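Architecture at a glance
If you want the building blocks of each chain, they are given just below.
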Amino acid sequence: MQSNRVFAILAIAALVALHAGAVAFVGALPDAWAPALAATVYLPLWPLSAVGVPVFGPAPSGGWPGPNAAGWVMLLVAWSVMWAIPVALVARWCRRPAPAR
């Protein structure tokens, strides 16, 4: 049972790392991906910003503000929760029935 939990944590960490890598290298990806990746950054942070949590840094002139350090931590938490859901569903679907005694 413990190895399943370790596998799930590693799967979630790998998916979050891939997600963060896609955001970091969005310029190398197809242009159609940019709005979707921007949504995964700004949608989790806007509600936090609306209630006063300082998650955005200073905005460049005429541009969108990027996340500050607290914003990136919040994003990693949000992405971890987001990716934990499909990992849990796949783990449940792949779970073997307990052997009969």
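Our subject is the structure that appears above.
Residues numbered from 1 in each chain as written. Predicted model: local features only at pLDDT ≥ 70, side-chain atom pairs only at ≥ 80, totals over all residues. Heavy atoms only, no water.

Before going further, it helps to spend a moment on the overall build of the chain. Tallying secondary structure elements over the chain gives three helices and zero strands in all. The order of α-helices and β-strands along the chain, N terminus first, is α-α-α. A compact globule built from 101 residues should have a C-alpha radius of gyration of about 13 Å, whereas the chain, at 17 Å, is more than 25% larger. In terms of overall dimensions, the chain has a C-alpha envelope of 70 × 35 × 15 Å along the principal axes. For the chain, the proportion of contacts with a sequence separation of at least 24, taken over those separated by at least 6, is 42%. Summed over its atoms, the accessible surface of the chain is roughly 7500 Å², and 73% of this surface lies on carbon and sulfur atoms. (Helix = DSSP H or I, 4+ residues; strand = E, 2+ residues; numbered from the N terminus. Rg over C-alpha atoms; globule rule 2.2 N^0.38 Å. Contact = heavy atoms within 4.5 Å. Areas by Shrake-Rupley, 256 points an atom, 1.4 Å probe, with all protein chains shown as cover.)

Between its first and last C-alpha atoms helix H2 (residues 33-50) spans 26 Å; for 18 residues at 1.5 Å apiece the expected length is 26 Å, and the two agree. The sharpest bend along H2 reaches about 25° and sits at Tyr42, with the proline Pro44 one to four residues further on. Those residues of H2 that fall on the buried side of the exposure criterion are Leu37, Val41, Tyr42 and Leu45. Buried residues along H2 sit against helix H1 (2-24) and helix H3 (69-94). Of the residues flanking the end of H2, it is Gly52, one or two places downstream, whose phi is positive at about 100°. (Expected span 1.5 Å × (residues − 1). Bend = angle between axes of the 7 residues up to and from the residue. Buried < 20%, exposed > 50% of the residue type's maximum accessible area, 1.4 Å probe, protein only.)

The final tally for this structure, using the stated rule, is four aromatic pairs. Their ring planes at 35° and their centres at 5.8 Å tell us that Trp46 and Trp64 sit as a pair that is tilted. Note that Trp46 is positioned in helix H2 and Trp64 in the loop between H2 and H3, a separation of 18 residues in sequence. The class of Trp46 is partly exposed, set by a relative accessible area of 41%. Aromatic rings pair up to connect Tyr42, Trp46, Phe56 and Trp64 into one cluster. (Phe/Tyr/Trp six-rings, centres within 6.5 Å; stacked < 30°, edge-to-face > 60°.)

What follows covers H1. End to end, H1 covers 33 Å across 23 residues, agreeing with the expected 33 Å (1.5 Å per residue, within 8%). For H1, the complete set of buried residues consists of Ala8, Ile12, Val16, His19, Ala22 and Val23.

Fair warning: the whole summary comes from geometry, so function is off the table for now.
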